[in-house]
Amino acid sequence: MISRRHVLAGAAAAPLAGCLGYGDWRPAPSDPPQVDRLFDDRFAEAAAAARLELRRALERLGAPSMTAAVAAEGRLVWAGAVGWADLEARVPAAIDTIYRIGSTSKAVTATVLARLVDEGRIGLDQPVGQVAAAPLPNPAWADLTPRRLASHTAGLPGYEENRDLWGLAQTVLKRRRFASTREALEVFDDTPLLYAPGERYLYSSFDVNLLAYALEGAGAASYLDLVGSRVRAPLGLATPLADAPADRTRAVSYEKRGDGRLRRWRPVDLSDKHPSGGLSATSADLARLGAAWLDPRFVRPATREAFWTEQALNDGRPNGDNYAIGWRVNRSPLLLGPDRPVTSVNHAGVSQGAWSWLNVYPEQGLAVALNTNMRGGEVRDFLRMEPALSGPFAPRP
C-alpha cells in the first residue's frame, strides 16, 4: 500500500517547470487608469507627490497594477491605485482591490499573538503543547514556544529542508484544500527538528503554521476567526482574509517574464499556509493594521517592545536577519536620507503572482503598505519603491 510518505516530490515538481501561469503572454498596457483618495487635507501636497510616484513605480516595475496606502498620526491619510486588477477583463485597480500578501501574513499572525498575549491567554515562553487543543502530531514540537516559532529559531525545517515527501509535494502543487490549520501541519510533521530551539535561525513558514495552531487553542477559535475577532473587528477592517479565487474585488495574479510580457498565474490553493503566507488584503487595511501597533490601546507598549526587538540566539548572538517576533526591525537610511536613518519595522510578502510590503516607521508615526498583482524579476526592486512614496508624508523637524 502506498502511503503519503512514499509520494515523490520530484514527480510533483516536474509538471510545474515552466508552467507557473496559463493563457497568452501579453504586454503590460501603456494606458493604466489611476485613482486615489485623500482622507486628510493637511497631506494634500504629500498625496500629490505619492500619486505621481505610484505611477512611476508601476512603469518601472512593469506590473499590471499597484496599490499603496499611508497612515499617519494613527489613521489612514491617503490611498491610491494604478493599473489593472484584471488585464483580460479590463477591470481597473481600486483602493479597495484585494491582493495576495504572501509572507506579510506573518505580521498579521504576530498581531493575533500580541493580542492574545495582552489578554493573558498565551505567553511568549509558554510551551505550545500546553495550549494546543489536542496532542500535537509530532511530540518533538510540544516544548517549542511562541517566541521561538515567531522568530524562526525553533528548529523547524523550511520548505527546502522538509523531508516529509508527501507534504513537500503538496507545497509544490498547491492544489489540495486543507480543511483546518491542524490538517495543514501534515505537510511537515514527519520531519525532525533540525537543531535545538534557540541554537540557530532558519526562516520557515512552518514555524508560523504551528504557532497558529497553538493560537487556536489559546483563543478557542479557528485561526481565521481569530484574525476576524482580534484584527478586523477592533480596527473596522474588511481584510485580511483567506486567499480565494479572483473576482471583481480581488486582483488576478500574474507572472512576468524577462521581456516584460505577462500571463495569469496558474490556479493555486493556499490553504496549507494561511497564517504564514496565504492571506489577502487591501493596502489600506494593511496600513491601518500597521498604524494600530502604535496605539497602546491595541497593543500594550511592553508587548510592542518585545515584538519589535530582534530575538537573540541561546548564546546571546543576534539571529542575523534582523528578525524580531513576526516582524523584521532595522535602521533604514532610505526614508529621510543616509544622514538620518530611522527605525523600520516591516515584513515583505512574495506569493503566487503577487508581492506585498508593510512598513512601520515608529519614530515618524507612519505606516505604509504596497501591493502588486505580479511576480517576476527582483522583489527588492519593488520594496525600494516605498520610501520615495512615503517620504513626503514623514514629519520634518
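Notes on the structure in this doc start here. (Residues numbered from 1 in each chain as written. Predicted model: local features only at pLDDT ≥ 70, side-chain atom pairs only at ≥ 80, totals over all residues. Heavy atoms only, no water.)

**Examining the overall build of the chain**
Thinking step 1. Of the regular secondary structure elements, the chain holds 13 helices and 15 strands.
Thinking step 2. Taking 397 residues into account, the globule formula puts the C-alpha radius of gyration at 21 Å, and the chain, at 20 Å, falls close to it.
Thinking step 3. In terms of overall dimensions, the chain has C-alpha extents of about 60 × 50 × 35 Å along its principal axes.
Thinking step 4. Split into buried and exposed, the 397 residues of the chain put 56% on the buried side.
Thinking step 5. Look at the contacts in the chain between residues 6 or more apart in sequence, and 69% of them connect residues 24 or more apart.
Thinking step 6. Accessible area of the chain: about 15,900 Å², with a carbon and sulfur share of 52%.
Thinking step 7. Positive and negative charge centroids in the chain, built from 47 and 44 side chains respectively, lie 2 Å apart. (Helix = DSSP H or I, 4+ residues; strand = E, 2+ residues; numbered from the N terminus. Rg over C-alpha atoms; globule rule 2.2 N^0.38 Å. Buried < 20%, exposed > 50% of the residue type's maximum accessible area, 1.4 Å probe, protein only. Contact = heavy atoms within 4.5 Å. Areas by Shrake-Rupley, 256 points an atom, 1.4 Å probe, with all protein chains shown as cover. Lys, Arg positive; Asp, Glu negative; His and termini not counted. Charge placed at Lys NZ, Arg CZ, Asp CG, Glu CD.)

**Quick notes on the packing of aromatic side chains**
Thinking step 1. This structure, assessed with the given rule, holds 13 aromatic pairs.
Thinking step 2. Summarising the aromatic geometry, the rings of tyrosine 159 and phenylalanine 206 are spaced 5.1 Å apart at their centres and angled 75° between planes, so their arrangement reads as edge-to-face. One end of the pair, tyrosine 159, is in the loop between helix H4 (146-150) and helix H5 (165-173); the other, phenylalanine 206, is in helix H7 (residues 205-219), and 47 residues separate them in sequence.
Thinking step 3. For the pair tyrosine 201 and tyrosine 323, a centre-to-centre distance of 6.2 Å together with 40° between the ring planes defines the contact as tilted. Taken as a pair, tyrosine 201 in the loop between helix H6 (181-184) and H7 and tyrosine 323 in the loop between helix H11 (301-307) and strand S11 (328-332) lie far apart in primary sequence, 122 residues in all.
Thinking step 4. Accessibility expressed as a relative area gives 0% for tyrosine 323, which makes it buried. (Phe/Tyr/Trp six-rings, centres within 6.5 Å; stacked < 30°, edge-to-face > 60°.)

**A word on the environment of lysine 174**
Thinking step 1. Structurally, lysine 174 is set in the loop between H5 and H6.
Thinking step 2. Accessibility expressed as a relative area gives 11% for lysine 174, which makes it buried.
Thinking step 3. Sequence spacing of lysine 174 and arginine 148 is 26 residues, and the spatial spacing of their C-alpha atoms is 27 Å.
Thinking step 4. Aside from chain neighbours lying at most four places away, what touches lysine 174 is Arg266, Val268, Asp269, Leu270, Lys273 and Gln352.
Thinking step 5. Within the structure, lysine 174 has its side chain in polar contact with the backbone oxygen of threonine 171 (distance 2.3 Å). (Polar contact = N/O pair within 3.5 Å; in protein donor to acceptor, adjacent residues only side chain to side chain.)

**Some details on helix H8 (residues 223-235)**
Thinking step 1. Here H8 spans 17 Å end to end across 13 residues, near enough to the 18 Å set by a 1.5 Å rise per residue.
Thinking step 2. A bend of about 30° at serine 229 is the largest found in H8.
Thinking step 3. Restricting attention to buried positions, one finds in H8 the residues Tyr223, Leu226, Val227, Gly228, Arg230 and Val231.
Thinking step 4. In this fold, the buried residues of H8 make contact with helix H3 (105-118), H6, H7, helix H9 (274-277), strand S10 (279-281) and helix H10 (283-292).
Thinking step 5. Just downstream of H8, glycine 236 is the residue with a positive phi angle, here 65°. (Expected span 1.5 Å × (residues − 1). Bend = angle between axes of the 7 residues up to and from the residue.)

**Notes on the packing of H3 against H8**
Thinking step 1. Running from N to C, H3 and H8 cross one another at 80°; their axes reach a closest spacing of 10 Å. The angle between H3 and H8 falls in the class roughly perpendicular. Of H8, the residues touching H3 (which contributes Ser105, Val108, Thr109, Thr111, Val112, Arg115 and Leu116) are Tyr223, Leu226, Val227, Arg230, Val231 and Pro234.
Thinking step 2. Its residues assigned to classes, the contact of H3 with H8 comprises 8 nonpolar, 3 polar and 2 charged. (Axes fitted to C-alpha atoms, helices over the stretch in contact; angles between N-to-C directions. Parallel < 35°, antiparallel > 145°, perpendicular 65-115°, else oblique. Nonpolar A, V, L, I, M, F, W, Y, C, P; charged D, E, K, R; others polar.)

**A closer look at the sheet that holds strand S7 (residues 241-242)**
Thinking step 1. Overall, antiparallel pairing links the 3 strands, which are arranged S6-S10-S7 in an open sheet. Of all strands in the sheet, those with a lone pairing partner are strand S6 (99-100) and S7, marking the two edges.
Thinking step 2. Here S7 pairs with S10 via 2 bridges, running antiparallel. Considered in S10, the bridge of alanine 242 is made with leucine 279. (Pairing = 2+ DSSP bridges.)

**As for the pattern of salt bridges**
Thinking step 1. All chains considered together, the criterion is met by 26 salt bridges.
Thinking step 2. Across the pair glutamate 88 and arginine 26 runs a salt bridge, and its minimum N-O distance is 3.8 Å. With glutamate 88 in the loop between strand S4 (75-86) and strand S5 (91-92) and arginine 26 in strand S1 (residues 21-26), this pair connects stretches of sequence that are 62 residues apart.
Thinking step 3. Residue aspartate 125 is joined to arginine 147 by a salt bridge in which the shortest nitrogen-to-oxygen separation is 2.7 Å. Of this pair, aspartate 125 sits in the loop between H3 and H4 while arginine 147 sits in helix H4, and the two are 22 residues apart along the sequence.
Thinking step 4. Residues joined by salt bridges that share partners form a network here, namely Arg26, Asp86, Glu88 and Arg264. (Salt bridge = Lys/Arg side-chain N within 4 Å of Asp/Glu carboxyl O.)

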